[in-house]
Amino acid sequence: MAQTGFGRRYFKAFVSGFFVAVPVTVTVLDRLAYVARVEGASMQPSLNPAGETSPDVVLLNRWSVRNYQVQRGDIVSVLSPKDPRQKIIKRVIGIEGDFIKTLGYKNRYVRVPDGHLWIEGDHHGHSFDSNTFGPVSRGLVHGRASHIIWPPSRWQRIEPSVPPERRPLLNRDGATEDGYDD
């Protein structure tokens, strides 16, 4: 009889813990952060460097983009404008109001419209990005890559940076690319 009581208590504790853990986990993944595997060569050498045998896994911070607080140089996860079932990860090159010199887009120069971003992969020849589909709505951004968490040899924080040759020609404040500090 004592065995049955122990089993019931264990089962009740497990069930009650389960019903607490599941909503907490779902909330964390929905509101705070989650992990994602980065596939492909579009973000090389920053992510998935050539010669690595396993793809990078990054921590995507959802909390930091909830108010669309994205800056130049951030690596963000975005719903693809061409296929909403697909998520892509790219670097923010320009924010609203910036003038960008494009790399093969239909217009050589683009002013990023209000509420939009200009995103590009670091490996330009292998990237499906704003040079293909134009500026992206900020509403499509659903996470900012903050850390590489796999493989262990690549554990690091991801710092925002824009390559000097890809900086906006003129930013929304009227400053030229020479006004940047790095």
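Here, residues in each chain are numbered from 1, in the same order as that chain's written sequence. It should be noted that, the model being predicted, local features are given only for residues of pLDDT at least 70 and side-chain atom pairs only at 80 or more, the latter also being counted only at that level, while totals for whole chains, interfaces and linings use all residues. Excluded from the side-chain calculations are hydrogens and water; all other atoms, namely the structure's heavy atoms, are used.

1. Considerations on the UniProt feature "active site" (unreviewed entry) in the protein chain
Going by this rule: UniProt positions are given in the numbering used here, feature names are shortened, and annotations may be inferred rather than shown by experiment. Secondary structure elements follow DSSP: runs of H or I no shorter than four residues count as helices, runs of E no shorter than two count as strands, and numbering proceeds from the N terminus. With a 1.4 Å probe rolled over the protein chains alone, any residue whose accessible area is under 20% of its type maximum counts as buried; one over 50% counts as exposed, and the rest are partly exposed. It only takes one pair of heavy atoms within 4.5 Å for two residues to be counted as in contact. Any pair of N or O atoms that falls within 3.5 Å is considered a polar contact. Within protein, one atom must be able to donate a hydrogen and the other to accept it, and sequence-neighbouring residues count only if both atoms are side-chain atoms.
The feature "active site" (unreviewed entry), as annotated in UniProt, sits at Ser42 and Lys90 in this numbering. Despite a sequence span of 49 residues, these residues sit close together in the fold, their greatest C-alpha distance being 8.0 Å. Residue position: Lys90 is located in strand S4 (residues 87-95). Residue classification places Lys90 among the buried positions, given a relative accessible area of 4%. Residues contacting Lys90, with those up to four places away along its chain left out, are Ser42, Met43, Asp74, Ile75, Val76, Ile119, Glu120, Gly121, Ser127, Phe128 and Asp129. Side chain to side chain, Lys90 and Ser42 meet in a polar contact 2.8 Å long.

2. Focus: the packing of aromatic side chains
This is how it is decided: Centres within 6.5 Å make a pair out of two Phe, Tyr or Trp rings, where for Trp the six-membered ring is used; the pair is then stacked when the planes are under 30 degrees apart, edge-to-face when over 60, and tilted otherwise. By definition here, charges over rings are those cases where NZ of Lys or CZ of Arg is within 6 Å of the ring centre and within 35 degrees of the ring normal.
Tallied over the entire structure, the rule returns two aromatic pairs. Where Phe128 meets Phe133, the ring centres are 5.1 Å apart and the plane angle is 70°; that geometry is what we call edge-to-face. Overall, Phe128 belongs to the partly exposed group, its relative accessible area being 33%. For Phe133, a relative accessible area of 13% gives the class buried. Above the plane of the ring of Trp63 lies Arg66, whose end atom (NZ or CZ) is 3.8 Å from the centre.

3. Some words on the nonpolar core
Nonpolar side chains in soluble globular proteins generally cluster together in the buried interior. Where we set the bar: Residue types Ala, Val, Leu, Ile, Met, Phe, Trp, Tyr and Cys, when buried and joined through side-chain atoms within 4.5 Å, form a set referred to as a nonpolar core.
Val65, Val70, Val76, Val78, Ile88, Val92, Ile95, Leu117, Ile119, Phe133, Val136 and Val141 together form the largest nonpolar core, which totals twelve residues. Among the secondary structure elements, those contributing two or more residues to this core are strand S3 (75-79), S4 and strand S7 (116-120). Of the residues forming this core, the biggest block, three residues, is contributed by S4. For Leu117, the residues in contact, after removing those within four places along its chain, are Val70, Val92, Gly94, Ile95, Val112, Ser130, Pro135, Val136, Arg138 and Val141. Leu47, Val58, Ile75 and Ile158 belong to the second-largest nonpolar core, a separate cluster that totals eleven residues.

4. Thoughts on the confidence of the model for the protein chain
Residues shown with low pLDDT carry predicted positions that ought not to be read at fine detail. To keep things clear, this is the line we draw: Residue-level confidence of the predictor, termed pLDDT, takes values from 0 up to 100.
Of the residues in the protein chain, 91% have a pLDDT of 70 or more, and the chain-wide mean is 87. Confidence scores differ between elements of the protein chain, with helix H1 (residues 2-32) showing the lowest mean pLDDT of 76 and S7 the highest of 97.

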